[in-house]
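# Examination of the molecular architecture
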Amino acid sequence: QVQLEESGGGLVQAGESLRLSCKASRKFISILSLAWYRQVPGKQREFVAILASQRPVNYSQAVEGRFTISGQFLESWTDLQMNNLQPEDTAIYYCNVDGWITEVSGQQNYWGQGTLVAVSS
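Attention here is on the structure that accompanies the text.

Conventions and cut-offs
- Residues numbered from 1 in each chain as written.
- Predicted model: local features only at pLDDT ≥ 70, side-chain atom pairs only at ≥ 80, totals over all residues.
- Heavy atoms only, no water.
- Salt bridge = Lys/Arg side-chain N within 4 Å of Asp/Glu carboxyl O.
- Helix = DSSP H or I, 4+ residues; strand = E, 2+ residues; numbered from the N terminus.
- Buried < 20%, exposed > 50% of the residue type's maximum accessible area, 1.4 Å probe, protein only.
- Core = buried A, V, L, I, M, F, W, Y, C linked by side-chain atoms within 4.5 Å.
- Contact = heavy atoms within 4.5 Å.
- Pairing = 2+ DSSP bridges.
- Axes fitted to C-alpha atoms, helices over the stretch in contact; angles between N-to-C directions.
- Phe/Tyr/Trp six-rings, centres within 6.5 Å; stacked < 30°, edge-to-face > 60°.

### Quick word on the pattern of salt bridges
On inspection of all chains with the given rule, the structure shows five salt bridges. For Arg 19, the salt bridge is made with Asp 79, and the minimal N-O distance between the two is 3.2 Å. One end of the pair, Arg 19, is in strand E3 (residues 18-24); the other, Asp 79, is in strand E8 (residues 77-82), and 60 residues separate them in sequence. As a salt-bridge pair, Arg 38 and Asp 89 come within 3.0 Å of each other at their nearest N and O atoms. Taken together, the positions of Arg 38 in strand E4 (residues 30-39) and Asp 89 in the loop between E8 and strand E9 (91-100) put the pair 51 residues apart, joining distant regions of the chain. Among the residues examined, Arg 38 registers a relative accessible area of 5% and is labelled buried. Look at Asp 89 and you get buried, because its relative accessible area is 1%. Bridged by salt links that share partners, the residues Arg 38, Glu 46, Arg 66 and Asp 89 form one connected network.

Written as structure tokens, this is what we have:
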């Protein structure tokens, strides 16, 4: 069993910054990717950013140039630095880890509980 513990959400004004953090309650033995998604209530969850093993960092067009994903696979954590936030960035943000907790568990996808980011105009 593993939990992804998120922190850093909150209410900010347009143009301000926030940094989200996500750390696993136990270290993965292997990680394929660390990622962030977001969801507005009533809408589908959408991709924000991904840090994948042996692949370039990738961002959605909506956040490219404003958000920066970072993380360490061996330490099983990821952060999302969000600059110049806009009202349309308001959503619940989820971290995602694709990897192995143990050899027995096999490759699985894990999600954080979500943290709310609200941006006022």
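### Topic: the nonpolar core
Phe 28, Trp 36, Leu 80, Met 82 and Tyr 93 are the most contacted members of the largest nonpolar core, which totals 29 residues. Those elements that provide at least two residues to this core are E3, E4, strand E5 (46-52), strand E7 (67-72), E8, E9 and strand E11 (115-120). Non-local contacts of Leu 80, meaning those with residues more than four positions away in its chain, are made with Leu 18, Arg 19, Leu 20, Trp 36, Val 48, Ala 49, Phe 67, Thr 68, Ile 69 and Tyr 93.

### A word on the sheet that holds E3
Spatial ordering of the open sheet is given by E1-E3-E8-E7, a layout of four strands whose pairing is antiparallel. Bordering the open sheet on either side are strand E1 (4-7) and E7, each of which pairs with just one other strand. Recorded for the sheet is a direction-independent mean angle of 15° between the axes of neighbouring strands. Both E1 and E3 contribute to a ladder of four bridges, which runs antiparallel. If you follow Leu 4 over to E3, its bridge partner there is Ala 24.

### With respect to the packing of aromatic side chains
Geometrically, a pair of aromatic rings is defined through the distance of the ring centres and the angle of the planes. Tallying each qualifying case throughout the model produces three aromatic pairs. Each ring, one from Tyr 37 and one from Phe 47, has its centre 5.8 Å from the other, and the planes form 75°; the classification is edge-to-face. On the criterion of sequence distance, the pair formed by Tyr 37 in strand E4 and Phe 47 in strand E5 is long-range, its members being 10 residues apart. Using a relative accessible area of 25% as the deciding quantity, one classes Phe 47 as partly exposed. Relative to Trp 111, the ring of Tyr 37 has its centre 5.1 Å away and its plane inclined at 65°; by these criteria the two rings are edge-to-face. You can see Tyr 37 sitting in strand E4 and its partner Trp 111 sitting in strand E10 (residues 107-111), a full 74 residues away along the chain. Accessibility expressed as a relative area gives 21% for Tyr 37, which makes it partly exposed.

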